[in-house]
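In case you want the letters, here they are:
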Amino acid sequence: GAPFIPRTLHSASWIEGKGLYVVGGFNRKTRSLLEVMRLDLAADGSSGEWAKLPVSDEAKAFRGRSQHRAVQQSNHLIIFGGFDGDKPLNDIVVFDSDTDAFLA
């Protein structure tokens, strides 16, 4: 699977039937991370593999962030606020786990 960069100040949310989603976070080298990672678990939950999901459409307003909050609603992650490395964020972005993309 994809390498998982050590981080802090991220969010982690479980979506049933999909996996564990880790959004953003902070590390000293990259600062606020612009990435979504999914841990795909084996059926018995004993092992897993990380997948780095594409975050390609900056027009949809997802910016690298840390110190944000995320909640799961159905197949969506609703992400609020955080810090982009320069300033506090006061936005809401929605990630669709069916398409692995942010909604407009």
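Below you will find a few notes about this structure.

Analysis parameters
- Residues numbered from 1 in each chain as written.
- Predicted model: local features only at pLDDT ≥ 70, side-chain atom pairs only at ≥ 80, totals over all residues.
- Heavy atoms only, no water.
- Pairing = 2+ DSSP bridges.
- Helix = DSSP H or I, 4+ residues; strand = E, 2+ residues; numbered from the N terminus.
- Axes fitted to C-alpha atoms, helices over the stretch in contact; angles between N-to-C directions.
- Polar contact = N/O pair within 3.5 Å; in protein donor to acceptor, adjacent residues only side chain to side chain.
- Contact = heavy atoms within 4.5 Å.
- Buried < 20%, exposed > 50% of the residue type's maximum accessible area, 1.4 Å probe, protein only.

Section: the sheet that holds strand E5 (residues 36–41)
For step 1, the next point in the chain: Judged by pairing direction, the sheet is antiparallel, and its four strands sit side by side in the order E1-E2-E5-E6 without closing on themselves. Edge positions in the sheet fall to strand E1 (11–15) and strand E6 (48–53), since each of these pairs with one other strand and no more. Ignoring which end each strand starts from, the neighbouring axes of this sheet average 25 degrees apart.
For step 2, the next point in the chain: One ladder, built from six bridges, connects E5 with E6; its direction is antiparallel. Paired with Arg-38 across the strands is Ala-51, a residue of E6.

Considerations on the side chain of His-68
For step 1, the next point in the chain: Mapped onto the elements of the fold, His-68 is located in the loop between E6 and strand E7 (69–73).
For step 2, the next point in the chain: Here the side chain of His-68 touches Val-23 through a polar contact of 3.1 Å, landing on its backbone oxygen.
For step 3, the next point in the chain: Each residue touching His-68, except ones within four places of it in the same chain, is listed here: Leu-9, His-10, Ser-11, Val-23, Gly-24, Gly-25, Ile-79, Phe-80, Gly-81 and Gly-82.

A few points about the environment of Ala-51
For step 1, the next point in the chain: For Ala-51, the location among the structural elements is in strand E6.
For step 2, the next point in the chain: Overall, the relative accessible area of 19% leaves Ala-51 in the buried class.
For step 3, the next point in the chain: Between the C-alpha atoms of Ala-51 and Val-93, which are 42 residues apart in sequence, the distance is 21 Å.
For step 4, the next point in the chain: Those residues in contact with Ala-51 that sit more than four places away from it in its chain are Ala-2, Val-36, Met-37, Arg-38 and Asp-40.

Comments concerning the side chain of Arg-7
For step 1, the next point in the chain: On the secondary structure map, Arg-7 appears in the segment before E1.
For step 2, the next point in the chain: Taking relative accessible area as the criterion, Arg-7 reaches 14% and is therefore assigned buried.
For step 3, the next point in the chain: Within polar-contact distance, the side chain of Arg-7 engages the backbone oxygen of Gly-24 at 2.9 Å.
For step 4, the next point in the chain: Reaching out from Arg-7, the side chain makes a polar contact with the side chain of Glu-35 at a distance of 2.4 Å.

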